Amino acid sequence: MDGAAVDPEQLRRATLASSVGSALEYYDFYIYGLASALIFGPLFFSPLGESGAVIASFATYGVGFAARPFGGIVFGYIGDRFGRKMVLILTIGLMGMASFAIGLLPTFEQAGMVGAVLLVALRILQGLGAGAEQAGATTLISEVAPRRRRGFFAALPFVGIQLGTLLGAGTFALMALADKEVLQGWLWRVPFLASVILIAIAVFIRLRLKETPVFQELEKHKAVVKNPVVQIWKHSKKNVLIGIGLRMGENGNSSIYSALLVSFISLPAGVFAGDKFIGPTGLLIAAGFAAVMVVTFGALSDRFGRVPVYRYGALFQAVIALPAFYLVTLGNVTLVWVVMVVGISLGVQSMLGPQCALLPELFGSQHRFTGVALSRELSAVLAGGFAPMIGVALLAATGHSWLVPAIYSLVLALISFGTTFFTPETNGRDLLLVEDAR
């Protein structure tokens, strides 16, 4: 769409609807990640011992990511076949109600392994819903936004990510001040039960959305394809692989800085052993900066191009990896928070900012939703979902060496850096085109 064709009211509603959904997804993401790092182990997996319980807890975190590609395929099909709006209502309901139900689960002490089994089942449902939530948000806003400012507007809903982070990390930072028995007795349930408020707001807003102009054009010309998954397989394998490669550094480092780093400093061998306040507080500070930076980098990609901004962001993330995690070992709380702020608000957001518009621009209009969903969610499994679990296992095997998260971060960033040399520049692309960017 060009600037003259944009409906301001639709753009406002689409931005708000996408932002609230992003807030709920990342609120869920952070409260589950932090609960996995700090609480779920002793509550649901206590017979496995301290390290084993944390690894099992992070395994359930990873299971949610493993389910996301399946959600991406199912809801991506629905989004390309029946419209973007329907999917956004379905995914927010599924994801939110699963989070609410986690707050009602019995612990190991109350029901043995029943609670752990139900936790895994609900985490899978969370993953299925989340598998299309961000794909839907990026597709929706990109198809509504003015072409010349698409990077800026496509990044705006991702301020919701930082709002969700602020809510999640802020909640845990406050909860960490509570007595341990109270926290593990009932207080841990409150953040999950509170997600019902965001669900209600998001559903209300999304019911008032109109379908995107791009999908309306497809329907008008009877160009909606019956099987977008087949279209992706035939025509878009290369761009899906590019999307996965681009996401490795962004999504992987998001998990490393927000979940693995928290465990690294708070595990018994960590520099702040047993501390449940420093990590969530650092995430809270970083999220405030990140809310500004994701939009800044999105706007920069409108001016300088998606690929250059992404490339230098990935390179920056790679360059800071080793010194950042070494600084964490020095035992200075301020340095830990600085590392979190720099890694999340500059490293991660310098890739996420341009990515918001880049991924939808890579794919043609007939299968865009499915292409974005597969790129996002396959990479989420490979990079983000199991990063904390693998990282904790490697920490245990290497005597808690700081080189584990540092090298992990470096490798993932370099994969994205290399991928940018195979990525077509998509800035200003006409999203009505049915063919992929080349």
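An unreviewed UniProt entry annotates the chain as MHS family MFS transporter originating from Pseudarthrobacter humi. Entered under Subcellular location (unreviewed entry) in the UniProt record, the comment concerning the chain runs "Cell membrane".

Caption draft 1: A look at the nonpolar core. Ranked by internal contacts, the top residues of the largest apolar core, which has 114 residues, are Phe40, Phe44, Ile102, Trp188, Tyr257 and Leu261. Those residues in contact with Tyr257, other than ones at most four positions away along the chain, are Leu283, Gln317, Ile320, Ala324, Phe325, Val339, Met340, Gly343, Ile344 and Ser409.

Caption draft 2: Structural context of a nonpolar patch on the surface. A grouping of Leu322, Leu403, Ile407, Val411 and Ile415 is seen on the molecular surface, where their side chains present a nonpolar patch of about 370 Å² in accessible area. It is helix 20 (residues 403–419) that contributes the most residues to the nonpolar patch, 4 residues altogether. On the basis of relative accessibility, which here comes to 42%, the residue Ile407 falls in the partly exposed class.

Caption draft 3: Helix 17 (residues 333–362), seen in detail. Across its 30 residues, helix 17 extends 41 Å between first and last C-alpha, which sits within 8% of the 44 Å expected from 1.5 Å per residue. Counting buried positions along helix 17 gives 23 out of 30 residues, so the element sits mostly inside the fold. At the N-terminal boundary of helix 17, the capping side chain belongs to Asn332, with an oxygen 2.9 Å from the backbone nitrogen of Thr334.

Caption draft 4: Just helix 19 (residues 387–397), in detail. When helix 19 is considered as a whole, its buried residues turn out to be Ala387, Pro388, Gly391, Val392 and Leu395. The buried residues of helix 19 all sit within an arc of 125° when viewed along its axis, so they share a single face. More than 90 degrees from the buried face of helix 19, the exposed residues found are Ala396 and Ala397. Remark: Gly399 follows helix 19 within two positions and exhibits a positive phi of approximately 70°.

Caption draft 5: Up close: the packing of aromatic side chains. Within this structure, the stated rule accounts for 6 aromatic pairs. Consider the rings of Trp188 and Phe192, whose centres lie 6.3 Å apart with planes at 70°: the pair is edge-to-face. This pair shows no difference in class: Trp188 is buried, exactly as Phe192 is. The rings of Phe44, Trp188 and Phe192 are connected pair by pair, giving a single aromatic cluster. For Lys237, the ring lying beneath its charged end belongs to Trp233, and the centroid distance is 4.9 Å. Positioned above the aromatic ring of Phe421 is the side chain of Arg311, whose terminal nitrogen or guanidinium carbon lies 3.9 Å from the ring centre.

Caption draft 6: Fine view of the packing of helix 3 (residues 49–82) against helix 6 (residues 114–144). Remark: helix 3 packs on helix 6, axes separated minimally by 6 Å, with the N-to-C direction vectors making an angle of 40°. One finds that helix 3 runs oblique with respect to helix 6. Read as a crossing pair, helix 3 and helix 6 show a hand that is right-handed. In this structure, helix 3 contributes Thr60, Tyr61, Val63, Gly64, Phe65, Ala67, Arg68, Phe70, Gly71, Gly72 and Phe75 to the contact, and helix 6 contributes Leu119, Val120, Arg123, Ile124, Gly127, Leu128, Gly129, Ala130, Gly131 and Ala132. Looking at side-chain class alone, the contact of helix 3 with helix 6 contains 12 nonpolar, 7 polar and 2 charged residues.

Caption draft 7: Structural detail: the layout of surface pockets. Computed from the structure, the second largest pocket encloses a volume of approximately 220 Å³. Lining the second largest pocket we find Pro42, Leu43, Ser46, Thr107, Phe108, Glu109, Gln110, Lys180, Glu181, Gln184 and Gly185. Mapped by element, the contributors of at least two residues to the lining of the second largest pocket are helix 2 (40–44), helix 5 (108–111) and helix 9 (180–187). In terms of residue count, helix 9 provides more of the lining of the second largest pocket than any other element does, 4 residues in total. Class assignment of the residues belonging to the lining of the second largest pocket gives a composition of 3 nonpolar, 5 polar and 3 charged.

Caption draft 8: Broad picture of the pattern of salt bridges. Per the stated rule, a full pass over the model turns up 12 salt bridges. Between Arg84 and Asp80 there is a salt bridge whose closest N-O contact spans 2.9 Å. Per residue, the accessibility class of Arg84 equals that of Asp80, and both read buried. Connected via shared salt-bridge partners are Asp80, Arg84, Glu143 and Arg368.

Caption draft 9: Here's a closer look at unusual backbone geometry. With a phi angle near 50°, Lys222 is a residue other than glycine that sits in the positive phi range. Position of Lys222 among the secondary structure elements: in the loop between helix 12 (213–220) and helix 13 (228–235). One non-glycine residue, His400, lies in the positive phi region at around 65°. Looking at where His400 falls in the secondary structure, it is placed in the loop between helix 19 and helix 20. Overall, the relative accessible area of 14% leaves His400 in the buried class.

Reading the values: rules and limits
- Residues numbered from 1 in each chain as written.
- Predicted model: local features only at pLDDT ≥ 70, side-chain atom pairs only at ≥ 80, totals over all residues.
- Heavy atoms only, no water.
- UniProt positions renumbered as here; feature names shortened; annotations may be inferred.
- Core = buried A, V, L, I, M, F, W, Y, C linked by side-chain atoms within 4.5 Å.
- Buried < 20%, exposed > 50% of the residue type's maximum accessible area, 1.4 Å probe, protein only.
- Contact = heavy atoms within 4.5 Å.
- Patch = residues over 30% accessible without salt bridge, like charges linked within 9 Å, V, L, I, M, F, W, Y side chains within 5 Å.
- Areas by Shrake-Rupley, 256 points an atom, 1.4 Å probe, with all protein chains shown as cover.
- Salt bridge = Lys/Arg side-chain N within 4 Å of Asp/Glu carboxyl O.
- Helix = DSSP H or I, 4+ residues; strand = E, 2+ residues; numbered from the N terminus.
- Expected span 1.5 Å × (residues − 1).
- Polar contact = N/O pair within 3.5 Å; in protein donor to acceptor, adjacent residues only side chain to side chain.
- Arc of directions from axis to C-beta.
- Phe/Tyr/Trp six-rings, centres within 6.5 Å; stacked < 30°, edge-to-face > 60°.
- Lys NZ or Arg CZ within 6 Å of the ring centre and 35° of its normal.
- Axes fitted to C-alpha atoms, helices over the stretch in contact; angles between N-to-C directions.
- Parallel < 35°, antiparallel > 145°, perpendicular 65-115°, else oblique.
- Left-handed = near helix turned anticlockwise from the far one by under 90°.
- Nonpolar A, V, L, I, M, F, W, Y, C, P; charged D, E, K, R; others polar.
- 1 Å grid on protein atoms, 1.4 Å probe; cavity = no way out; pocket = protein on both sides within 12 Å on 5 of 7 lines; lining within 4 Å.
- Points joined across faces, edges and corners; volume = space filled by probe spheres on them.

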